[in-house]
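So the chains spell out like this:
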Amino acid sequence: QVHLVESGGGLVHSGDSLRLSCVASGHELGSYIIGWFRQAPGKERDFVAAITYSGDKTWYEDSVKGRLTVSRDFGKNTVNLQMESLRPEDTAVYYCAAQRARPNLPPSSILYDFWGEGTQVTVSS
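Counting of residues starts from 1 at the beginning of each chain's written sequence and follows it residue by residue. Side-chain atom pairs in this predicted model are given and counted only at pLDDT of 80 or more, local residue features only at pLDDT of at least 70, and totals for whole chains, interfaces and linings cover all residues. Excluded from the side-chain calculations are hydrogens and water; all other atoms, namely the structure's heavy atoms, are used.

J.: What am I meant to see in the packing of aromatic side chains here?
T.: Working definition: an aromatic ring pair is given by the centre-to-centre distance plus the angle between the planes. Pairing of aromatic side chains here covers Phe, Tyr and the six-membered ring of Trp, requires ring centres within 6.5 Å, and sorts the geometry by plane angle: under 30 degrees stacked, over 60 edge-to-face, intermediate tilted. Under the counting rule described, the total for this entry stands at six aromatic pairs. An angle of 55° between the planes, with centres 6.3 Å apart, marks the rings of tyrosine 32 and phenylalanine 114 as tilted. With a gap of 82 residues between them, tyrosine 32 in strand E4 (residues 32–39) and phenylalanine 114 in strand E10 (residues 114–115) connect regions that are remote in the sequence. Each member of the pair, tyrosine 32 together with phenylalanine 114, is buried. In textbook terms, an aromatic cluster arises when at least three aromatic residues are bridged by ring pairs, as seen for Phe37, Phe47, Tyr95, Tyr112 and Trp115. Across from the ring centre of tryptophan 115, 4.8 Å away, lies the NZ or CZ of arginine 45, which sits over that ring. Both a distance and an angle decide whether a charge sits over a ring: NZ of Lys or CZ of Arg must be within 6 Å of the ring centre and within 35 degrees of the ring normal. Cation over ring: arginine 72 sits above tyrosine 53, and NZ or CZ is 3.9 Å from the ring centre. Segments assigned H or I by DSSP are reported as helices when at least four residues long, segments assigned E as strands when at least two residues long, and all are numbered from the N terminus. Whether a residue is buried, partly exposed or exposed follows from its accessible area with a 1.4 Å probe, protein chains only, as a fraction of its type maximum: under 20%, in between, or over 50%, in that order.

Structure (structure tokens):
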């Protein structure tokens, strides 16, 4: 069992930056990949980025490369999503999720084992 709690969402203006954090707790976290997904109103939940819990590998959805950065903060034991140059289309509920790493299951898949409750990010124009 892995418990995930997101924080850091809020209302920002277009062009602003925001950092989301995800605290993961549970057993054998080293065997998990932590992913970030987002879901805008009326749309499907989409993959944004992922990182191994050890922090040695990352994955990104193509459209966010260079603007969003996923990282591990070992001191605070968090997985962070740094978002730069935010746009109104980034408005969504952002979720972190944990996927036990498996062969042939890409981190961009929606098939994660545990999910947080989400944090709202709203970007005004």
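Past the structure itself, the notes keep going.
J.: Sorry if this is basic, but what is going on with the pairing of strand E5 (residues 45–52) here?
T.: Regular strands place side chains that alternate from one sheet face to the opposite one. Burial runs high along E5: six of the eight residues are buried. Here a strand pair is declared whenever DSSP counts at least two bridges between the two strands. As judged from the seven bridges shared by E4 and E5, these two strands associate in the antiparallel manner. Within the sheet, the bridge partner assigned to tryptophan 36 lies in E5 and is alanine 49. One ladder, built from three bridges, connects E5 with strand E6 (residues 58–60); its direction is antiparallel. Within the sheet, the bridge partner assigned to alanine 49 lies in E6 and is tyrosine 60.

J.: Sorry if this is basic, but what is going on with the pattern of salt bridges here?
T.: Proximity of charged atoms lets side chains of opposite charge pair with each other. Salt bridges are defined as contacts in which a side-chain nitrogen from Lys or Arg sits within 4 Å of a carboxyl oxygen from Asp or Glu. Inspection of every chain in the model, using the stated rule, returns five salt bridges. Across the salt bridge formed by arginine 38 and aspartate 90, the nearest N and O atoms sit 2.9 Å from each other. Of this pair, arginine 38 sits in strand E4 while aspartate 90 is found in the loop between strand E8 (78–83) and strand E9 (92–100), placing the two residues 52 residues apart along the sequence. Each member of the pair arginine 38 and aspartate 90 is classed as buried.

J.: Help me out: how do you make sense of the nonpolar core in this one?
T.: In this structure, Val2, Leu4, Leu20, Trp36, Leu81, Met83 and Tyr94 are the most contacted members of the largest nonpolar core, which totals 30 residues. Residue assignment for this core shows that the elements contributing at least two residues are strand E1 (2–7), strand E3 (18–26), E4, E5, strand E7 (68–73), E8, E9 and strand E11 (119–124). Not counting residues up to four positions away in its chain, the partners in contact with tyrosine 94 are Glu6, Leu20, Trp36, Phe37, Arg38, Leu81, Met83, Gly118, Thr119 and Val121. Membership of the second largest hydrophobic core comes to six residues, among which are Ile33, Phe37, Ala50 and Tyr112. Grouping buried Ala, Val, Leu, Ile, Met, Phe, Trp, Tyr and Cys residues that are joined through side-chain atoms within 4.5 Å yields what is termed a nonpolar core. Contacts are assigned to residue pairs with any non-hydrogen atoms lying within 4.5 Å of each other.

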